[in-house]
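Observations on the three-dimensional arrangement
Single-letter residue listing:
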Amino acid sequence: MSDGRQEFHDLKSPAEARDAIDSLDLSPADETVPLDEARGRVLAERIDAGLDVPGFDRASMDGYAVRAEDTFGADEADPAVLEQVGSVHAGAEPDVRVDPGTCAEISTGAVMPPGADAVVMVERTDETADGVAIRTSVAPGDNVMVAGADVAAGSRALGPGTLLTPREIGLLSALGVDEVPVRGTPTVGIVSTGDELVRPGETLRSEAGQIYDVNSYTIAAGVEEAGGEAVLYPHAGDDYDEMERLLVEAAEECDLVLSSGSTSASAVDVIYRVIESEGELLLHGVSVKPGKPMLVGHLEDSAYVGLPGYPVSALTIFRTFVAPAIRAAAGLPAPQTAAVEGRMAVQERYGEGRTRLMPVGLVETDEGTLVYPVDKGSGATTSLVEADGVVEVDADTAYLAEGESVTVQLFSPDVRAPTLLGVGEDDPALSRLLDHLERPRYLDVGSRQARRRLRDGVPDVAVVTGPSDRDVSAVDLGGWRREWGLVVPDGNPDAITGVADLVDRDLRVSNRSRDSGLRASLDAELDALASDRGVDRRDLTDAIDGYELTVKGFESPARKVLAGDADAGLGLRATAQALDCGFVPLGTESVRVLANPDRTEKTGVKQLESALDTHFDDIVASLAGVER
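Residues numbered from 1 in each chain as written. Predicted model: local features only at pLDDT ≥ 70, side-chain atom pairs only at ≥ 80, totals over all residues. Heavy atoms only, no water.

**Here's the deal with the nonpolar core**
In globular proteins that are soluble, nonpolar side chains generally tend to be buried together. With 33 residues, the main nonpolar core has Met358, Val371, Tyr372, Val391 and Val408 as its most contacted residues. The set of elements that each furnish at least two residues to this core consists of strand E22 (355–365), strand E23 (368–373), strand E24 (389–393), strand E26 (405–410), strand E27 (420–424), helix H9 (447–456) and strand E29 (461–464). Per-element accounting of this core gives the leading share, four residues, to E22. Residue contacts for Val391: discarding those within four places in its chain leaves Arg356, Leu357, Met358, Val360, Val371, Val406, Thr407 and Val408. Counting residues in each nonpolar core, the second largest holds 31 residues, with Ala230, Val296, Ile317 and Phe321 among its members. (Core = buried A, V, L, I, M, F, W, Y, C linked by side-chain atoms within 4.5 Å. Buried < 20%, exposed > 50% of the residue type's maximum accessible area, 1.4 Å probe, protein only. Helix = DSSP H or I, 4+ residues; strand = E, 2+ residues; numbered from the N terminus. Contact = heavy atoms within 4.5 Å.)

Written as structure tokens, this is what we have:
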């Protein structure tokens, strides 16, 4: 490992962080800088994700990119020793390949190099004279965020009638929508850092590890909401001189400078050195999750706060520590409806010894408000929209019990609980159906997870498909059938006819996750083939190249096919037609909408039932392979 990493200074408590920010001078200024106005607007039509986020398979932690099979059987006593062939950093296109017996050092957020299918965290490795000693085994996909795992292309991002608060703006930014609101005083300069960032509206190169700049737009919206005037500066890369130039320029023009990214203890995170050189660093690191890498100080004659780079962490830290200071400097009172009381819908364990700011969602029931955790990881942009606020959990709390009373600090005074909380399978017909409901929220967790969550009593409805042996108590509101199979390039150049070809021929497949009903349908087909051949299904799946490497959304496998990364992808006829791909049919499956039996009279559930009756025939007519 490189020895250029900087350790955090002593972590301060949340109270000490607030004291440090309160000591800053955020004197309001009179001048304003106008930006596009989006916050407070209402969407007139549904917005579907036009791309996968991330658009590439990326490492979810620092470590070594490996072929998982090279680590099988490795442990502390008998490590696997692999040759290191190079390194891959965030924002750079890999220039190495991981072949059998080799590995590549990789940074969090970096593109997975060809040949690698897993990441071993650096804490489970040692550098030796013979190579890198891997002291644990990993499975394909471990510590890897696959393309589309955060936002899947084709999925329903925001529906008509959505009020655009900072959370929604963050999601639109990640999808390349170049609209950002601004208003108010004091003047707050915002600088995002990182070579991998691209502004919405500019050309995005996913193959080089680039992502759209979310934080600039998300935090600017938060500044507006708090009563400040946001000034958005060009984004800084990881170059020290450029970072210094932009931060000093912002400090000369603004009362407060907010940066995001480059605050943690890694070799490329050097922003704290700029602050120490050009001003005074009052605080580096807070004992809180998410958001430990936080900076507070002075830069020139301006106040400075450094926010974490991940969108959820950045917005959570901003809302908790910075927004109150901006409101106070602007002379604005705290929001009147900034908190709600509720009960935990499920038990949530913790016990990490740091204050936790836990993102949560709200669902209304006859017995009051239920609160459920929303945690896809700090790098997941959809957590901004799927969560309504945060619950602050003390550092010494081991767990929150089911039914325990909690206080939710809302992300915005405009936040309201959804009229309907649905979970389950993602489906193009369902996306169109939800357009006819007022303020729904739908979490595409897959059919298997949907059944489990419905049994736990959290959602109002679950949408499920595919074979399952799990019974669940529910009221069937109706449904439809959809044709599924293999999406292939236009013209089916490999002449694929069914799953046997995936087993017997040298073909690459893009599969869906185990929670997906489509995956269950494919596995049932493989079970039948295994029975015909008198072998175990595992013998067949081991022979399929790519079977264990899965993607999230119903369009994602087809996108892999279009990109040339797969010869076939598990998907729907409707998707194949929409993307001008070929299609090999394998069968049809029933999609059912199951209601929580205790909430059949809830307004949102009744609206969904009505939409199924009155609008679904038009929806069916617009989609290939879908019928009542």
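**As for the packing of helix H4 (residues 240–253) against helix H5 (residues 271–278)**
Where H4 meets H5, the axes come as close as 10 Å, and the angle between the chain directions of the two elements is 55°. The pairing of H4 with H5 is recorded here as oblique in orientation. H5 is crossed by H4, and the crossing has right-handed handedness. Seen from H4, the contacting residues are Tyr240, Met243, Glu244, Leu247 and Val248; seen from H5, they are Ile271, Arg273, Val274, Ser277 and Glu278. (Axes fitted to C-alpha atoms, helices over the stretch in contact; angles between N-to-C directions. Parallel < 35°, antiparallel > 145°, perpendicular 65-115°, else oblique. Left-handed = near helix turned anticlockwise from the far one by under 90°.)

**Some points on the sheet that holds strand E16 (residues 279–284)**
Spatially, the six strands line up as an open sheet ordered E14-E11-E15-E19-E18-E16, and their pairing is mixed. Edge positions in the open sheet fall to strand E14 (229–232) and E16, since each of these has one partner strand only. When the angles between neighbouring strand axes are averaged without regard to direction, this sheet yields 20°. Bridge count for strand E11 (residues 187–192) against strand E15 (residues 256–260) is five bridges, and the pairing is parallel. (Pairing = 2+ DSSP bridges.)

**Some thoughts on the pattern of salt bridges**
For the coordinates displayed, the defined rule picks out 38 salt bridges. The salt bridge partner of Arg156 is Asp435, with a shortest N-O separation of 3.1 Å. Taken together, the residues Arg156 in strand E10 (residues 156–158) and Asp435 in the loop between helix H8 (428–434) and strand E28 (440–443) connect sequence positions 279 residues apart. On the accessibility criterion, Asp435 (22% relative accessible area) is partly exposed. The residue Arg592 makes a salt bridge to Asp476 at a minimum N-O spacing of 3.2 Å. Within this pair, whereas Arg592 is found in strand E34 (residues 582–595), its partner Asp476 is found in strand E30 (residues 475–488), the two being separated by 116 residues in sequence. Taking the relative accessible area as the measure of exposure, Asp476 reaches 41% and is therefore partly exposed. Several salt bridges converge on common partners, so that one network encompasses Glu76, Arg124, Asp126 and Arg135. (Salt bridge = Lys/Arg side-chain N within 4 Å of Asp/Glu carboxyl O.)

**Quick look at the pairing of E27**
Burial analysis of E27 places five of its five residues in the buried class, which makes it a mostly covered element. Side-chain alternation along E27 places Leu420, Gly422 and Gly424 on one buried face and Leu421 and Val423 on a second face that is also buried. You can see the chain leave E27, run along H8 and come back into E28, and the turn it takes is right-handed. Sheet analysis places E27 next to E29, joined by three bridges and oriented parallel. (Right-handed = clockwise from strand over helix to strand, strands pointing away.)

**Description of the packing of helix H2 (residues 166–174) against helix H3 (residues 215–226)**
Following both chains from N to C, one finds H2 and H3 inclined at 160°, their axes separated by 8 Å at the closest point. By the angle between their axes, H2 is roughly antiparallel relative to H3. For the pair H2 and H3, the crossing hand works out as right-handed. On H3, the residues that touch Pro166, Ile169, Gly170 and Ser173 of H2 are Tyr217, Thr218, Ala221, Gly222 and Glu225. For the contact of H2 with H3, the residue count by class is four nonpolar, four polar and one charged. (Nonpolar A, V, L, I, M, F, W, Y, C, P; charged D, E, K, R; others polar.)

**What about unusual backbone geometry?**
Note that the residue after Val53, namely Pro54, is joined by a cis bond; omega there is -5°. In this structure, Pro54 sits in the loop between strand E1 (47–48) and strand E2 (58–59). Even without a glycine there, the phi angle at Arg439 is positive, about 55°. Structurally, Arg439 can be placed in the loop between H8 and E28. With phi around 60°, Asp580 is a residue other than glycine that occupies positive phi space. Mapped onto the secondary structure, Asp580 falls in the loop between helix H14 (573–578) and E34.

**Digging into H3**
In this model H3 runs 16 Å from its N-terminal to its C-terminal C-alpha over 12 residues, within 8% of the 16 Å that 1.5 Å per residue would give. Within H3, 11 of the 12 residues are buried, which leaves the element mostly enclosed by the surrounding structure. Among the residues of H3, Asn215, Ser216, Tyr217, Thr218, Ile219, Ala220, Ala221, Gly222, Val223, Glu224 and Ala226 are the ones counted as buried. One or two residues past the end of H3 sits Gly227, with phi positive at roughly 100°. (Expected span 1.5 Å × (residues − 1).)

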